[in-house]
Amino acid sequence: MRTDLITPEGFTKLKSELNYLWQEYRPEITEKVAWAASLGDRSENADYKENKRLLRQIDSRIRFLNKRLEKLTVVTPNKQQAGKVFFGAWVTIENEQGEVKRFKIVGPDEIYQRGEIEQRKDYISIDSPMARALLKKEVDDEALVNTPSGVSTWYINTIEYDLI
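Since the structure is predicted, the reported quantities are computational estimates derived from the model, not experimental observations.

K.L.:
Can you lay out the pattern of salt bridges for me, pointing to particular residues and giving the numbers?
P.N.:
Close approach of charged atoms lets side chains of opposite charge pair. For the structure shown, the criterion picks out 12 salt bridges. One salt bridge in this structure joins Glu 9 and Lys 104, with 3.8 Å as the shortest N-O distance. Of this pair, Glu 9 sits in helix 1 (residues 8–37) while Lys 104 is found in strand 4 (residues 100–106), placing the two residues 95 residues apart along the sequence. Glu 9 gets classed as partly exposed once you look at its relative accessible area, which sits at 36%. The partner of Arg 26 in a salt bridge is Asp 59, and the shortest N-O contact between them spans 2.5 Å. Of this pair, Arg 26 sits in helix 1 while Asp 59 sits in helix 2 (residues 46–71), and the two are 33 residues apart along the sequence. Given the relative accessible area of 23%, Arg 26 is considered partly exposed.

K.L.:
I'd like a description of the sheet that holds strand 7 (residues 150–161), backed by residues and values.
P.N.:
Judged by pairing direction, the sheet is mixed, and its 5 strands sit side by side in the order 5-4-3-7-6 without closing on themselves. One side of each edge strand has no neighbouring strand; the edge strands of this open sheet are strand 5 (123–125) and strand 6 (142–147). Sheet twist, expressed as the mean angle between neighbouring strand axes with direction ignored, is 45 degrees.

Criteria and thresholds
- Residues numbered from 1 in each chain as written.
- Predicted model: local features only at pLDDT ≥ 70, side-chain atom pairs only at ≥ 80, totals over all residues.
- Heavy atoms only, no water.
- Salt bridge = Lys/Arg side-chain N within 4 Å of Asp/Glu carboxyl O.
- Helix = DSSP H or I, 4+ residues; strand = E, 2+ residues; numbered from the N terminus.
- Buried < 20%, exposed > 50% of the residue type's maximum accessible area, 1.4 Å probe, protein only.
- Pairing = 2+ DSSP bridges.
- Axes fitted to C-alpha atoms, helices over the stretch in contact; angles between N-to-C directions.

Listed below in structure tokens is the structure:
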């Protein structure tokens, strides 16, 4: 199940992607399709076929973004959250072997945003076992995380929020 939460930054990125697709990229590809169609026989026209395929992908993504943006709830961190782990927190944790990790707890839509070269390594989904184990914990608390290789113990070193 996907949680319908997103940070203000993530919401802005999704809106920007939607606007770019609708106002810039789609008209550009539509123009290419019209040009390729004007050349005649469409059955053997690679430009036409490729741009039609691109247009279908763009339209599919636009529909998805429109529906998804309606469902999402933007969660802005506030001062009452200070000291505890909640959605939108930057958390630094350490295990017994001294391995340290720092990441931000965000919505699933922010992990794999288009336009990013690859997945953000410093973001984890609120739906992940790690995030679920850390929720409502404070600095120096221990979190037991269920992993495929068993239960691992992590200690919370810092909790920070991007307060607007």
